[in-house]
Every structure is written in C-alpha cells, then in structure tokens.
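# Understanding the architecture of this molecule
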Amino acid sequence: MRVLFTLLISVIGSLTLAQEVESLIEAGNQAYEAADYAMAIDKYDQADSLVQSADLDLNLGNAYYKSGALGKAILHYERAYKLSPMDEDIQHNLTLARNLTLDKLEESSSSGFTLWWRGVLLKIGMDQLAWWSIIAAVLSALGWVLFRLSASRARRQLGFALGSLFLIATVLTAWMSLSARSVITTQDEGIILTSRVEVLSAPDEGSTELFVLHEGSKVTLVEERGSWTSIALPNGNKGWLKSAEVEGI
Amino acid sequence: MARALSIVCFLFSLLISLAQESTLTMSVNKNPVPVGERFKLTITLQGGKGNIIPPDFKDFTIFAGPSRSTQTSWVNGVVSSEVSHSYFLIAEKIGSFEISSASAQTESGTIQSKPLKIEVVKNDGASAQQGTSSSGSQYQKQGSGGGTGDCIVRMYANKSSVVVGEPLVVTYMLYNRYARFDLEQHEQLPQHSGFWKDDKLVESPQWAQELERIDGKDYRKAHLATQVLIPQRAGELKLDQYTAQVAVGNRMSFFMNRMELKSNVLTINVTRPPSQGKSANYSGAVGDLDIKVSASPTELEVNEAITLTVKISGQGNLALINPIDLDLPEEFEVYDPKIKDKISTAGGGMSGSRSFEYLIIPRYPGEYTLPQSELQFYDYTKKKYRSAYGEEISISVQGDESMVKGGGPQVIRKEGVSELASDIRHIRSEVEIDHKEGQYFTGSWQHWTGVLSPFLLLGLFLVYRGKQDELQSDVAGMRRRKAGKVAAKHLKSAKTHLDSGDKSSFYASLYQAMNDYASQKFTIPLSEVNKESVQQAMTQAGLDESTIASWRKVLLDCEMAAYAPSAIRGPQELYDQVEGLISDIEKKL
C-alpha cells in the first residue's frame, strides 16, 4: 500500500500535500494511542479527505469502533476491505464489527466468479494495472517500429508479433485498470449510520413503514432522489430512507 | 305309619340337608330402575364355598365391580358362611329386561340362582334421588329403615342460560330429616365436562337456623359447597350428578344406616357470544372489565430491566384471561409474564383482578413509545362487545451504544428484518448516477497519455518514415521526368545557335544539355558531373555499353569542337546523335 500511497502523492504532484497528510496521520495515531478517539477521528478524517488508503481507513474504522460508532466503523472497514481485500487485519476487524450489528442479513448474492475477478483486480491494484498498460503500449510501439524498420523478414515477423501481442496486452490491462477503478469508485453499497432507521415505502415521511434497520447493516444503494435514498436488502426488500442515514462504501 | 313316619323323616332330613346346602341368590337394590342410573346387583352364595360365575349383563353396562365380600357367622353352634359379589350396573334402555341366572360351583356341584327381572323406567331427573338401602347389604338389616325422601342433596345454579365464558355459581345443599346424621364423603364435587371450575367446599357443614319445607315436610338444611363454573363451549351442557355418602339413623337406633345420596341433574344452556362487533384480536374475555398498564422505571439505561404490569380488573372470566398482545418495539427483549390473581368468587360470579407482570430488557438506547393496549370483552349484561384501553407509555432508554457492543457479557440478538407492512414499490424515474472523479492515476489524463503516446509516437514515426521515403522516391522520379524536358530545352537553344551559325555556342549548349540531363537523370549533383561519374551512374542504371560509349564519344566531340570546330563531324549530325541518345535513355529507363 505504501507504493500506492507514494504513487498517489506523486500523481497529485505535491510534496507539501504529502507532508501534510503524513503529519495528520501521525497526529491521529498519537491521539488514538492516547485514547482520544474524537481527536483521532478528526485528524484521520482530514487526511482521508485528501488521500485514499486502506491503512488510513483501517485506522479510522478502529477509532470509530473504539468511540462506539459502529456504523462509521463498519463503513471504513468496508472501504479498507474494498481497497485491500486480502489484508487479514481488515478482514478480522470487519468480521468483528459485523457481528455486533442487530440485523441478520444474508450475504450479498454475487457469483463466485464475480467475487474472484474483483479480488484479482483489487489485488493487482488499479494503478499497477495502469502502469502495466503504459509499459505494454511502449513495448507494442517498439514492436511496430521494429516491424517497420527491419529489412530482414525474420525481424519483421518478430516485430509484428511483439507489436500485436503488446497491443492486446495494452487494451486488456487498460480495461482491467478501469474495471478496478469502477469497483472502487462505484458506491453501490452503503452502511446504515443511525441506530434505528425506519425504512419507508416511498420518499415521503408519511408513507408506510416497511421494516426497521439498525446501525451497521449493509444495504444496496439503488438510487438517490433529493434527500432520500432507495435501498435494497439481499432478500429483495426495497424501501426509502433519508440519505443522511446511510453512507456509500 | 312307619311308612308315613319314614316319609316325614325323609322330608325332614331333606329339609335339614337343604338348610345346610348352598343357595345362590341374586338381588338388586332398586327395582324399577331409572334409565342411566347406577344400581347395585348382588350375587350371594350362602353356605359353603364356591366359585360364583356371574351371568351375562348384556342389557346393562358394568359401572364398577365385582367387589367381593365374605362373612362367616356362628349361630347355635352352626357355622354359616356367605360370599357375595356386588356389581354397579347402569341401565341403558327403557324396558323390561331379564338378567339370566348366575351360577356357582360348590363342593356339592353347580347351583344356579333364579333369573331376575328388572324394569327400567324413564329417569325423572328433576327430582332428588333418594338413597335406599341395598337389599343384599348387611347394613340394611341393622338400620331401622330409611323413609323415602328423608335425606336429599340438591344443586342450584344461579343462571340457567349463559354465554361462553360467563361465570355461574352452583350451590350444593343438603336437606335432612333424620335425627342422627353423618356426612361420610364430602371431598369431591363432580367434574362437569365443558366447564372450567373453581370449588369452594364448606369445611364442616353446619345446619342452618331455619327449616326448609319441601313437599309439605320440614327439613334441616346445610350448605355443602359452592362451585364457580365457566363454560368453555356452547351447547346444552349437563352438570354431572353429585353423589354424597351419608350415614343416617333414628334417635333410638344404635346402628347407622349407610346411604348414597344422589343430587338432581342440571342442564345449562350455553350460547356463543355473537360474532357481530368482535374484533380480530378478541381473546375471549367476558364480563365487565378494565385494563391498566403501568411500567417502572420509564427512564433507564440499556440492559436494565423494566417491569411492565398489565392489570385487568372487574367482573368476568378473570381466571381464564390470556395475556393481551403488547405491541413492543423489537429492541426490547420480553420474558413470559408472571400472573398474579386477586380473584374472589363471592357474590355470584368472579370479580377482582388478574395482573400480568412482564420483565422487559431494552437492548438498544432510544426513545420508545408503547402504544395503547386494547382489551376487548363481551359484556353479557349489556349484550355487546366493549373495549377498555390501557395508557400509552413512554420509555426513555439511555446509554452509550458501546454498551450494546462493548465489553462485558451480554446477549447479542440476531433477528431477521421483520416486515411490518407491505406496500407497492415506488415509481422509478430514470436517474443516471455518474461518479465523481477521484484523484486516481487510473483513468487520469496522465494514464491515457502514457498509454496513447507510444502509439502516437509510433504513428508520427511511421508518417515521417513514409514521407521521407516518398520524398526520396519523388525527387528522383521528378528529376527523371524533368530530365527529358531539361535536355529538350538545352537542345532547343543549341538548335537556335546552330541555325544562326554560332557554332561555338552551339557546342557549349549541347555539352550543357548532356551534363544537365545526366545530373537530373541519375541524381548526381551538378558539381560532381563528369565523364567518370556519369559513366558509373549509367552502368549502375543498367545501360548497355554501346550507349555509354556513344555518350562518351559525343561528349568528347563537343569538347574537341570547342577548340577545333572544323575537325569533327557536322553540327547537325552531332545534334541528331545527342537527341537520339537521350530519347534512347529515356525509353530504357
């Protein structure tokens, strides 16, 4: 993750920002160690608004967990898990926090292949894939140059093969990087943040109360309209709640 | 005479022997018998031992028995023994029935009793059944005769027509004319099927002060028991007969006479409460009731306990009231209620209160409101359904949410998301969600530049290479194409000089024409054009030796003509040769 972090910083291209983020995280860590979780959350949040990092999300989740905000804790654990699905610490914290939720919901019904593919994408990392696509593009171009310049037939064939192969590789890796990005940026799931939410049948205070959800429950976000969000549960139940009561992962 | 005497002696001895021989008798304690009532049949074997074989009581049902008893007595030095088997039978049908004879196997053979005729008559249920001594019992002989109707038990109900659930009170009274009286069995009141009952036995019944006159006779009376009955189902429900075991005797008699007293039979007409006006959650409460709901404490911390008391009071079937439905929030853990009754059955019904105490533990902080609880009941005096309402209760549960999940032992309750109601899905409008661009390298312009620039450079490279190639091939071609024209121009100027007779200028321009042509044609810079370079270029271009040699010869001639114009061939001839050579080269290349 360090690689991603420095990469992000270099992409943002600001050394001062990097220093600011580092000092914020440092301050947050100190506050956390001193059990001043409110301060830790404040510092981490500032850093979180500047950069994205699984480690930072894990820290933030922990700070919320310790201060008793189960919903926020699960939200950040989920975000961390999204960024780094193979991290054992994140998995553990997330499982623990989930066990404290009141609602017993089925796990989301993604197929095995979808989950595996997501895992692969996230494990390689979207920026890693982006770099690969650039390297493949360069190699492909060199292949074509070889093809164009060579007088000998064998070299021309080699150049053609390399050019084609790396062109396919470029397209594939670029597509994968975009898929990974979409997986990370698409907020199609959310966590309930308030202790008790009555889910209504329509985006209107007066509509029928369909069911009740509690803090920390994971829901699928269907659509947002005004200050209302439509959510769905794994069992197919759908309803509306105030957007402030749920936050996308 | 001797013969007569012998006959008398024989008869006497026969008589003696008869007296000593076994006899088998069969008797009943009443005849005629009312249908459906128990009566006692006794088979007695007198004298000797034996096995009594009962007859087939095919028209009757055996209620109890046989109970066996033996008695041995010593009278005037003679031992006599008696064995009796008693059956309690019930007559099922009205009519005249015969019980076939019983038999007994004794030492002296099998003996038989006489068959018995029994009249079964209609049961006059309303009148009190009067106990009579059984004819076969030994008590009867000792008693001094029980007059009919001198001892009576009766059941009185305060209502004869009720609805299901409406309590009624049955009073058990004893009437007696005997001087000596002993109530022997008085523990059990009948189990009336179809009723819930609550018995109140009078511990030691006392004779009342006043006498009761029945059918012109005065009786002493005593209150034996009170029973509160709540009918559980509708229909004509018959109350079981009450039976009391008593012993009676006259003032003068020494022995008491045992009797079984049977009460009258009561029928209660039970109707169902009307279905009209009944709500869905009616739970069967009947009477005139009120409900009070209270909770304490109403402000507390998470995981502390609340006692919620639902008190139902008034008159009615209190003892049968079930807990009402409490609409409690799902965050509350509720335990089964503890039931506390303060119910009195005095005063012709059931009154008092029944309390349900619920232990509730809120597992999550928040402000909760317990809605009004409704108790619907059927008021049988007003003959309609009524409802009583409990108070709305607000409960404030304080607490840190960390208490819900943080340390310490606690129950983590997992519950499915229960649906409270169902409604149509809301209309859908076409809303596209586009994601904000984050600060990602992937998909950024840098990324796309990185991917696309190699191809862009490749493209540029290819274009450059192509252009260069084209340029090279074009310059040569153009020159080649131009060469003929250039030559033609020079030749034209040479021709002009020839016509005007300026021979030296003619040779100079002819020489010029050849060198220019060669330079353009073979792409040789003009400064480098000489005989050798042109010859080399021509060889490379693949021209034949004769052409090259002619070219050389013409060039030499032009050079020489500049110095000695008369020494060489005529100018017209030279001009034609150059023209021919150029067109030849043009054709070949």
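Above this note sits the structure.
Residues numbered from 1 in each chain as written. Chains lettered and ligands numbered in written order. Predicted model: local features only at pLDDT ≥ 70, side-chain atom pairs only at ≥ 80, totals over all residues. Heavy atoms only, no water.

### Quick notes on the overall build of chain B
Each helix and strand in chain B was counted, giving 8 helices and 31 strands. Looking at chain B as a whole, 37% of its 589 residues qualify as buried. Here the contacts in chain B between residues at least 6 apart in sequence split such that 69% fall between residues at least 24 apart. (Helix = DSSP H or I, 4+ residues; strand = E, 2+ residues; numbered from the N terminus. Buried < 20%, exposed > 50% of the residue type's maximum accessible area, 1.4 Å probe, protein only. Contact = heavy atoms within 4.5 Å.)

### Comments concerning the pairing of strand β1 (residues 189–192) of chain A
Residues and elements named next belong to chain A. Bridge count for β1 against strand β4 (residues 218–225) is 3 bridges, and the pairing is antiparallel. For Gly190, the partnering residue across the bridge sits in β4 and is Val219. Judged from the 3 bridges that link them, β1 and strand β7 (residues 246–248) form a sheet pairing that is antiparallel. Counterpart to Ile191 in the pairing with β7 is Glu247. (Pairing = 2+ DSSP bridges.)

### Describing the packing of aromatic side chains
Under the counting rule described, the total for this entry stands at 18 aromatic pairs over all chains. Relative to Tyr368(B), the ring of Phe332(B) lies with its centre 4.8 Å away and its plane at 65°, an arrangement referred to as edge-to-face. With Phe332(B) in strand β25 (residues 332–334) and Tyr368(B) in strand β28 (residues 366–370), this pair connects stretches of sequence that are 36 residues apart. Of the two residues examined, Phe332(B) and Tyr368(B), each falls in the buried class. Pairing Phe506(B) with Tyr575(B) gives two aromatic rings, centres 6.5 Å apart and planes at 45°, and the pair type is tilted. Here Phe506(B) is found in helix α5 (residues 503–521), whereas its partner Tyr575(B) is found in helix α8 (residues 571–588), with 69 residues between them in sequence. The class for Phe506(B) is buried, based on a relative accessible area of 0%. Taking the relative accessible area as the measure of exposure, Tyr575(B) reaches 7% and is therefore buried. Put simply, the rings of Phe113(A), Trp116(A), Trp117(A) and Trp175(A) pair up and form one aromatic cluster. (Phe/Tyr/Trp six-rings, centres within 6.5 Å; stacked < 30°, edge-to-face > 60°.)

### Here's the deal with the side chain of Ser133(A)
The topology assignment puts Ser133(A) in helix α8 (residues 126–149). Residue classification places Ser133(A) among the buried positions, given a relative accessible area of 0%. In contact with Ser133(A), other than residues within four places in its own chain, are Thr170(A), Thr173(A), Ala174(A), His447(B) and Val451(B).

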